[in-house]
Amino acid sequence: MKHLLKLGDLSSREITDILNLADQLKFEKYHGERKPYLGGKTLGMIFTKASTRTRVSFEVGMYQLGGNALFLSGSEMQIGRGEPAEDTARVLSKYLDGIMIRTYKQSEVEKLAEFSDIPVINGLTDYCHPCQVLADLMTIRERKGSFKGKKLTFIGDGNNMANSLIVGAVKTGMEIAVACPKGYEPDAEIIKWGTQNGKVTITDDVKAAAEGADVMYTDVWASMGQEGEAELRKQKFKGFCIDSELMKLAKKDAMVLHCLPAHRGEEITAEVLEAHADEIFAEAENRLHAQKAVMVTLMGGKK
């Protein structure tokens with residue numbers, strides 16, 4: 001494992017190893033046993049998409065691991081003025097010990113990794129969000145004990161989150177049902193891979209998807225860069241909302257996750273979000289621990 005570009009690049013064993021290390025690092029944080037696994041190392045964080053959780057969790061994570069993080073705004077770098085990703089990668093490889101990038105195109109991340117001599121971590125693209133799903137898996141395992149026999153249901157847009165959740169569910173042996181309006185399905189190749197390797201259902205029937213779910217998951221209807229489609233999407237996604245009625249179809253002890261930010265009254269009601277706030281904000285916290293595990297694994301700390 002040289003980079004984390006998408007979850008599909010990792011084996012089930014590698015995912016489990018990251019989750020186990022994340023659990024260990026979380027334990028150490030709360031029991032005063034933090035160790036400088038990345039002492040003296042520097043992570044460069046390239047952002048062409050704005051962020052709250054990604055920036056704070058990576059920056060704090062590097063500090064807690066004894067290292068340093070540099071915020072690099074895409075608009076202020078030469079890459080934002082046309083410098084090829086391959087040139088940026090080769091230059092940054094001389095200065096840094098790792099790169100995290102949060103951007104639009106998956107191809108930009110892949111190109112950066114191709115020419116980089118140091119680990120590259122995908123902090124989010126329009127195609128996938130591996131760091132978020134590692135935190136999601138960590139939270140599910142914490143709350144449910146294991147993945148075996150569990151059903152994960154995603155309600156909403158077949159976006160980068162849906163793509164990565166399908167991969168994460170299949171790799172950990174969970175069943176997954178994705179309910180989205182027609183025309184808003186996840187990536188076709190991911191659906192094909194998922195159905196060939198696991199139990200994956202894609203439907204526009206939210207009730208069928210929610211039936212018997214152990215985990216209910218949703219995301220905003222219009223992601224960053226889709227603001228111009230917001231009103232159209234509100235019409236198309238009407239009914240694709242996790243509310244108290246839909247929750248009655250899931251298991252009684254079903255948990256609810258949301259990658260945040262949440263638009264109360266759209267993809268999730270305020271009532272459901274507040275009833276499951278402990279789970280949702282534990283999930284947000286676990287971004288810190290899961291990403292620390294990724295950085296330690298990739299950047300030469302604990303093996």
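Details of the structure are given in the entry above.
Let us look at the structure shown here.

For the protein chain, the count of helices and strands is twelve helices and nine strands. In summary, the protein chain has a C-alpha radius of gyration of 19 Å against a globular reference of 19 Å for 303 residues, a match within 12%. With the C-alpha coordinates of the protein chain rotated into their principal frame, the extents come out at 55 × 45 × 35 Å. Here the protein chain holds 303 residues, and 56% of them are scored as buried. Long-range contacts, defined as pairs at least 24 residues apart, comprise 75% of the intrachain contacts of the protein chain with a sequence gap of at least 6.

Moving on to the sheet that holds strand β1 (residues 42-47). With parallel pairing, four strands are arranged side by side in an open sheet as β2-β1-β3-β4. Of all the strands in the sheet, just β2 (68-73) and β4 (120-124) have a single pairing partner and so form its edges. Averaged over all neighbouring strand pairs, the angle between strand axes comes to 20°, with direction disregarded.

The next subject is the nonpolar core. Residues Ile121 and Met295 are the most contacted members of the largest nonpolar core, which totals 55 residues. Leaving out residues up to four positions away in the same chain, methionine 295 has contacts with Leu38, Leu43, Phe58, Gly61, Met62, Leu65 and Ile121. Membership of the second largest hydrophobic core comes to 24 residues, among which are Ala213, Met216, Leu246 and Ile280.

Another aspect to go through is the environment of leucine 137. Structurally, leucine 137 is set in helix α5 (residues 130-144). With 122 residues separating them in the primary sequence, leucine 137 and isoleucine 15 have C-alpha atoms 9.2 Å apart. Residues in contact with leucine 137, not counting those within four places in the same chain, are Ile15, Leu19, Phe147, Gly168, Thr172 and Met174.

Scanning the model with the defined rule gives 21 salt bridges in all. Across the pair glutamate 110 and lysine 6 runs a salt bridge whose closest N-O atoms are separated by 3.7 Å. Of this pair, glutamate 110 sits in helix α4 (residues 106-114) while lysine 6 sits in the segment before α1 (12-30); the two residues are 104 residues apart in sequence, bridging distant segments of the chain. For glutamate 274, the salt bridge goes to arginine 264, with nearest N and O atoms at 3.2 Å. You can see glutamate 274 sitting in helix α11 (residues 270-275) and its partner arginine 264 sitting in the loop between β9 (255-258) and α11, a full ten residues away along the chain.

Working definition: the strands of a sheet are paired by backbone hydrogen bonds and lie parallel or antiparallel to each other. Pairing is parallel in the open sheet, where five strands are placed in the order β7-β6-β5-β8-β9. One side of each edge strand has no neighbouring strand; the edge strands of this open sheet are β7 (200-203) and β9. Across this sheet, the average inter-strand angle for adjacent strands is 20°, counted without regard to direction. Two elements, strand β5 (residues 151-155) and strand β8 (residues 215-218), share four bridges in a ladder whose sense is parallel. The residue of β8 that forms the bridge with phenylalanine 154 is tyrosine 217. Lying on the sheet, helix α6 (residues 160-172) is in contact with β5, β6 (175-179), β7 and β8; it crosses β5 at an angle near 175°.

Moving on: helix α3 (residues 85-95). Every buried residue of α3 is listed here: Ala85, Thr88, Ala89, Leu92 and Ser93. Axial view of α3: buried residues confined to an arc of 135°, hence all on one face. Tucked into the core, α3 has its buried residues touching β1, β3 (98-102) and α4.

Parameters and conventions
- Residues numbered from 1 in each chain as written.
- Predicted model: local features only at pLDDT ≥ 70, side-chain atom pairs only at ≥ 80, totals over all residues.
- Heavy atoms only, no water.
- Helix = DSSP H or I, 4+ residues; strand = E, 2+ residues; numbered from the N terminus.
- Rg over C-alpha atoms; globule rule 2.2 N^0.38 Å.
- Buried < 20%, exposed > 50% of the residue type's maximum accessible area, 1.4 Å probe, protein only.
- Contact = heavy atoms within 4.5 Å.
- Pairing = 2+ DSSP bridges.
- Axes fitted to C-alpha atoms, helices over the stretch in contact; angles between N-to-C directions.
- Core = buried A, V, L, I, M, F, W, Y, C linked by side-chain atoms within 4.5 Å.
- Salt bridge = Lys/Arg side-chain N within 4 Å of Asp/Glu carboxyl O.
- Arc of directions from axis to C-beta.

This is a description of form; function is not addressed.
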